[in-house]
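Chain residues, written in single-letter form:
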Amino acid sequence: MAANFWSSSHLKLLMDQEEVDVVHSPDKERGLTLEEFKYIKMHMANYIGKLAQFVKVRQRVVATAVTYMRRVYTRKSMTEYDPCLVAPTCLYLASKAEESTVQARLLVFYIKKQLTDEKYRFEIKDILEMEMKILEALDYYLVVYHPYRPLSQLLQDAGMTDMTHLSWGLVNDTYKMDLILIYPPYMIALACIYIASVLKDKDTTAWFEELRADMNVVKNISMEMLDFYDNHKILPEDRVNAIINKLSLKQ
């Protein structure tokens, strides 16, 4: 594993928003819009979180799994890589990468409890086959740096550890978006501290100035998050299923 973020593959893999917001041709042909593409990724991030609760892995494993899932879809289409199989497989792979291994059979058991539709009742071999495809799609780059550690260090430095719970929750929410693919983790942590300080009515201007952080980037991330909170709607299950069904329809 790379000793730090600056020498890691994670830094090299950061992308621009325009590169992330690409609906691949096979998905476009099925009528998938950019908004629907984002909804499926958000829904699958939530699904990974639900499965993680059943198999009892820590938040870092969930964050890594969601990052893998989002990275896969910058390179592969959802038509070729079924999101309902990619999501649990990313959790399986992340559990190994983060040394909290979950058995494939346990995942399969809980997938069957979660998804009643016969076509999504995957078996162990399906997970193992998709794992190899995902590894290839990721170019075997499995190192992910998350905002959690810089968040804790920065809050300590600022003497604002009383905002840990709120800031941590904000970081968790960033995985419902593509921020981890676009911005360095410490910038995401700073944006979460910035939002938390506004919510708690704390003046952090001097501290941010001392840090010499790029406030344009911090505010851009913050605006994206606030925009997400303003516009985020939980889609009904049947609406999500209708979007996913577009991908599996025979043309």
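Predicted model, so just to flag it, every value in this text is computed and none were measured. (Residues numbered from 1 in each chain as written. Predicted model: local features only at pLDDT ≥ 70, side-chain atom pairs only at ≥ 80, totals over all residues. Heavy atoms only, no water.)

## Notes on the domain arrangement of the protein chain
We note that the domain assignment places domain 1 (14-143) and domain 2 (147-231) within the protein chain. On a C-alpha basis, the centroid separation for the pair domain 1 and domain 2 is 26 Å. Buried surface at the junction of domain 1 and domain 2, summed over both partners, amounts to about 1,300 Å²; 61% is from carbon and sulfur atoms. Across the domain 1-domain 2 interface, the total number found is two salt bridges. With a closest N to O distance of 3.0 Å, Lys-41 and Asp-178 form a salt bridge. For the side of domain 1 that touches domain 2, the secondary-structure elements that each account for two or more residues are α2 (17-20), α4 (34-55) and α5 (59-75). Per-class residue counts for the side of domain 1 that touches domain 2 are seven nonpolar, five polar and four charged. (Domains from an automatic or database assignment. Buried area = accessible area lost by both parts, 1.4 Å probe. Salt bridge = Lys/Arg side-chain N within 4 Å of Asp/Glu carboxyl O. Helix = DSSP H or I, 4+ residues; strand = E, 2+ residues; numbered from the N terminus. Nonpolar A, V, L, I, M, F, W, Y, C, P; charged D, E, K, R; others polar.)

## Overview of unusual backbone geometry
One can expect most non-glycine residues to show negative phi and most peptide bonds to be in trans. Although it is not a glycine, Asp-139 adopts a positive phi angle of roughly 55 degrees. With respect to the element layout, Asp-139 can be found in the loop between α8 (124-137) and α9 (148-158). Backbone geometry places Asp-201, a non-glycine residue, at a positive phi of 60 degrees. Tracing the sequence through the fold places Asp-201 in the loop between α12 (185-199) and α13 (205-211).

## Here's the deal with the UniProt feature "domain: Cyclin-like" (unreviewed entry) in the protein chain
The feature "domain: Cyclin-like" (unreviewed entry), as given by UniProt, occupies residues 46-136 and 149-227 in the numbering adopted here. Within residues 149-227, the helical portion is 76% and the strand portion 0%, while the C-alpha atoms at the span's ends are 25 Å from each other. (UniProt positions renumbered as here; feature names shortened; annotations may be inferred.)

## So, helix α15 (residues 237-248)
In this model, α15 (12 residues) spans 17 Å end to end at C-alpha, consistent with the 16 Å of a helix rising 1.5 Å per residue. When α15 is considered as a whole, its buried residues turn out to be Val-240, Ile-243, Ile-244 and Leu-247. The arc enclosing the buried residues of α15, seen along the axis, measures out at 95 degrees, which places them on a common side. In this structure, the buried residues of α15 make contact with α3 (25-29), α4 and α6 (83-97). (Expected span 1.5 Å × (residues − 1). Buried < 20%, exposed > 50% of the residue type's maximum accessible area, 1.4 Å probe, protein only. Arc of directions from axis to C-beta. Contact = heavy atoms within 4.5 Å.)

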